[in-house]
Amino acid sequence: MKNKAKNPPEITHKLAFASTLSAGVALLLTIALLIVIEFFALRNALLEDSRIEVSILADNVSAALMFQDGAAANEILRSLNVSPDLVGIVLLDDQRVTLAKQPDGFTRQIPEVKRFAQTDYHFSLTRLEILSPVSYKNNQVGTLYLVKSLKTLFKRLGIYALAAIAAAIIALFVAVRLLARARQSVQLAEQNLHHLAHIDPVTGLANRHAFNERLGFAIEESQQFSEPLAMLLFDLDNFKQVNDTLGHQAGDELLRMLAQRIAKALRRDDTIARLGGDEFAVILKKITTSDEAGQICDKMVATLAKPFQIGSYDFFVTASIGAAFYPKDAGDGTTLIRNADTAMYQAKVSGKNTFRLFLPVMNAKIKQRHSLETSLHTALEKGELSLHYQPQFDFKHGSIVGFEGLLRWNSSIHGHVSPDNFIPIAEDTGLIVEIGDWVIKQALSDIQKWNQLRPVKLQVAVNLSARQLRDKDIAVRVAELLAEAAVPAEWLEIELTESMVMENVHAHIDTFQRLKIQGVKLAIDDFGTGYSSMSYLKRLPITSLKIDRSFVRDLATDKNDLAISAAIIALGHSLGLTVIAEGVETEDQANALFALGCDVGQGYLYSRPIPAEAVPQFLANYG
Amino acid sequence: MTTCAFSAQKAPEHDLKAAYIYNFIQFTEWPEDGLKSSTLNVCASAGTVLYVALQAIVGKTSHNRTIALKSLQTTPATDCNVLIAEKSDRELYSQIRPKIANLPILTISDDAELTTGDFMITIAILNERIRFVINSTRALEVKMVFSSRLLRLAAKVL
């Protein structure tokens, strides 16, 4: 990972060096070319100037030459002495005899024009030589030979070159600075990209990618120092509701607060990451015992249980945590993550808001669950599902008032499967919608048959799952099913658990109203085990309360349970509701309930749940 | 082709003088209608050494004309374009002088004593070298002009 982080800057450095170098080479070439051009320009200028000088001289000196007046000729030639480049000048007559020269000491072999390759001038490394005819009235009367030094030319060229090089160095310096700045922004962008690739933008925590890297690193370290590590996987139990109710912004805010809380509960060396959605992962280093991990998980569950305040709302978020250990539970990162996931899943299945440490047996359970899930998909069409009915009796009159329909699955592969085992699977997979539909249909069809010959009509109660209740059109669907079966709405009672009703009262109150208007009865199941808001209870259009079987069980012996049951019955009656007791198994319980004024009882004392085929016989026996 | 009329110092004095005379002609500008004939007539006393030396410039061209040598004794002075007077010509010259006073004739004296303002160019030997004095004032009177190049070479300009 370190190497990966180092590589990009190296590349940019190399690139910067290469571009500086190529810019430098290009500048050097340009300078060289400019100097060459300047050299030829200067040389031409010198040649032109010298030609003009020498031709003016030739014109002036013609008379002196014709009169062979050396003194006058020298005087004329002397005028050229002001030229700093002058090496020497010689005046020859038409016999090539020297008449005059400047400076006095100048001696030089006068070349033939031919030597100049048919031109009147010749450049050597240090000198310019010019041969110019001296004419009068179109007759050549002699020749001027001029030699000029290139010293000044080279001096000028040198200054030019220095200036060009100085300009180039400044340009290169500026370019390097600009390049450095550009490189800096590229580096910044690279860092940003690296950041984006490794950081979750919502919480600022490491993302899945970074987590995998860190887990690999932690495992290497763990191997090196023989220090086991633990990995925790968090999944929020009800995050979707927050998002659905308050919007994604609030959801993001919740995730941020949550991340902070988890991070606070960790030690400095530990790592936390958001793997996506509402899934968080933690790496705990140097964890030696399961107890230690368990304590940390306990702490996590507790810290998350406190409400989160978002805007003016208090939110309760619970998490299911799975923990797995390296090297005890897994030999590599991938397996470790998978096992932590399995443990987390077990935590969810065991009622959420809790944690599970990974056990090898969990994988077997998972397999079992997968197998169940596969079978459940075809259970309906294979006719493996059926309804059993448990009768409900009126305490006062001892007469039967109705049945509660209970779903049974007799799988061809798994045999009888408990609803506790397959209902959660049906909920998770969404099969519950189809199954729930079938349950209502079947119950309505059965009650229709049984009520046909009865003067006093019975009612049938079915349980609605949380998933079904979330469906906004459930009230419409119930109405359709009632119409199809031609069953009066008041024959149907829908049971909802207390926690289901209270979890999201706002969202469901409308559904309850619409069911109530049709005439469908609504019962709150398992009453007393959840948290009911009395103000909502008053406003909800419910018709009955069902006392949970846990209060009924010890009714005859436990004063607390008696008190609770009494309170529930009093509360129900004061709200005008029918109170039903579940799990009535003994005469003592029945007597106590009757004494408390409970309206209806249901339990083994009267009858176990019986198959639909046995109901007519049962009714015949009880009248 | 040798255009210079002489070959350096080796030439005898009169040959040099003849060459000088040819050069003087070249550096002299006559007024527009000053040269009437098709030849440029140089008049000198026939029979002198200079006259013989002047033969060398006959046939050369200047001012688009061929140079012809005429005898001062037999030619009317008004036909001359160049008039050369030597010591032996003092008498003859005094006769001619009034006739040509207002004519554009280049008058050259080879006699240092005849310098007295009348001659436009006077040739003299100074320090064994041939030098000359130019009287450009006299020349201007008859609208003749000398090239500045010539004036620069003169020992003296009046």
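Draft legend 1. Quick look at the sheet that holds strand β3 (residues 61–62) of chain B. Residues and elements named next belong to chain B. If you walk across this open sheet you meet the 8 strands as β3-β4-β2-β5-β6-β7-β8-β10, and the pairing is mixed. Looking at which strands have only one partner, the edges of the open sheet turn out to be β3 and β10 (156–157). One ladder, built from 2 bridges, connects strand β8 (residues 129–134) with β10; its direction is parallel. Bridging across to β10, Ile134 finds its partner in Val157.

Draft legend 2. Structural view of the interface of chain A and chain B. In this complex, chain A contributes 19 residues to the contact, which on the side of chain B involves 18 residues. At the boundary of chain A with chain B, total buried surface from both sides reaches about 1700 Å², with 54% on carbon and sulfur atoms. Three residues, Met66, Phe67 and Gln68 of chain A, lead the burial of chain A against chain B; their summed loss comes to 40% of the area buried on that side. For the interface between chain A and chain B, the tally reads 2 salt bridges. Across the salt bridge formed by Lys137 of chain A and Glu29 of chain B, the nearest N and O atoms sit 3.6 Å from each other. Across the chain A-chain B interface, the total number found is 6 residue pairs in polar contact (both at pLDDT 80 or more). Mapped onto the side of chain A that touches chain B, the elements with two or more residues apiece are α1 (2–66), α2 (70–78) and β5 (139–149) of chain A. Ranked by residues supplied to the side of chain A that touches chain B, first place goes to α1 of chain A with 7 residues. Of the residues that constitute the side of chain A that touches chain B, the class distribution is 9 nonpolar, 6 polar and 4 charged.

Draft legend 3. Fine view of helix α19 (residues 587–596) of chain A. Residue and element names in this part refer to chain A. Along α19, the residues that are buried comprise Gln589, Ala590, Ala592 and Leu593. Within α19, the buried residues cover an arc of 165° as seen down the axis, which keeps them to one side. Opposite the buried face of α19, by more than 90 degrees, sit the exposed residues Glu587, Asp588 and Ala595. Buried-residue contacts for α19 involve α17 (549–553) and β20 (578–581). Following α19 by one or two positions, Gly597 adopts a phi angle in the positive range, close to 95°.

Draft legend 4. Region of interest: unusual backbone geometry. Residues and elements named next belong to chain A. Geometrically, the link from Gln102 to Pro103 is a cis peptide bond, its omega value of -15° lying close to zero. Within the element layout of this structure, Pro103 appears in the loop between β2 (98–102) and β3 (121–123). Residue Pro327 is bonded to the preceding Tyr326 through a cis peptide linkage, with omega at 5°. Mapping Pro327 onto the fold places it in the loop between β11 (319–326) and α8 (333–349).

Draft legend 5. Quick look at the sheet that holds β11 of chain A. Residue and element names in this part refer to chain A. Ordered in space as β7-β8-β6-β11-β12, the 5 strands form an open sheet in which the pairing is mixed. Strands at the two margins of the open sheet, each flanked by one partner only, are β7 (271–276) and β12 (355–357). With direction set aside, neighbouring strand axes in the sheet form an average angle of 20°. Sheet analysis places strand β6 (residues 229–236) next to strand β8 (residues 279–284), joined by 6 bridges and oriented antiparallel. In the sheet register, Asp235 faces β8, and the bridge partner there is Glu279.

Draft legend 6. Molecular detail of the packing of aromatic side chains. If you walk through the whole model with that rule in mind, you get 18 aromatic pairs over all chains. Relative to Phe24 of chain B, the ring of Tyr20 of chain B lies with its centre 6.0 Å away and its plane at 85°, an arrangement referred to as edge-to-face. One end of the pair, Tyr20 of chain B, and the other, Phe24 of chain B, are both in helix α1 (residues 13–26), 4 residues apart, so they sit about a helical turn from each other. A ring pair is formed by Tyr20 of chain B and Phe132 of chain B, whose centres lie 6.1 Å apart and whose planes are at 75°; its orientation type is edge-to-face. Within this pair, whereas Tyr20 of chain B is found in helix α1, its partner Phe132 of chain B is found in strand β8, the two being separated by 112 residues in sequence. A relative accessible area of 3% means that Phe132 of chain B is categorised as buried. Members of the aromatic cluster, connected to one another through ring pairs, are Phe67 and Tyr136 of chain A together with Tyr20, Phe24, Phe27 and Phe132 of chain B. Against the face of Phe308 of chain A rests Arg261 of chain A, its NZ or CZ located 3.7 Å from the ring centre.

Draft legend 7. Summary view of the confidence of the model for chain B. When the pLDDT values of chain B are averaged, the result is 84; 89% of them are 70 or greater. The element-level mean pLDDT for chain B is lowest in β10 of chain B, coming to 84, with strand β2 (residues 39–44) of chain B highest at 93.

Draft legend 8. The arrangement of the environment of Glu29 of chain B in detail. Mapped onto the elements of the fold, Glu29 of chain B is located in strand β1 (residues 28–29). Not counting residues up to four positions away in its chain, the partners in contact with Glu29 of chain B are Lys137 of chain A together with His63, Lys143, Met144 and Val145 of chain B.

About the thresholds
- Residues numbered from 1 in each chain as written.
- Chains lettered and ligands numbered in written order.
- Predicted model: local features only at pLDDT ≥ 70, side-chain atom pairs only at ≥ 80, totals over all residues.
- Heavy atoms only, no water.
- Pairing = 2+ DSSP bridges.
- Helix = DSSP H or I, 4+ residues; strand = E, 2+ residues; numbered from the N terminus.
- Contact = heavy atoms within 4.5 Å.
- Buried area = accessible area lost by both parts, 1.4 Å probe.
- Salt bridge = Lys/Arg side-chain N within 4 Å of Asp/Glu carboxyl O.
- Polar contact = N/O pair within 3.5 Å; in protein donor to acceptor, adjacent residues only side chain to side chain.
- Nonpolar A, V, L, I, M, F, W, Y, C, P; charged D, E, K, R; others polar.
- Buried < 20%, exposed > 50% of the residue type's maximum accessible area, 1.4 Å probe, protein only.
- Arc of directions from axis to C-beta.
- Axes fitted to C-alpha atoms, helices over the stretch in contact; angles between N-to-C directions.
- Phe/Tyr/Trp six-rings, centres within 6.5 Å; stacked < 30°, edge-to-face > 60°.
- Lys NZ or Arg CZ within 6 Å of the ring centre and 35° of its normal.
- pLDDT = per-residue confidence, 0-100.

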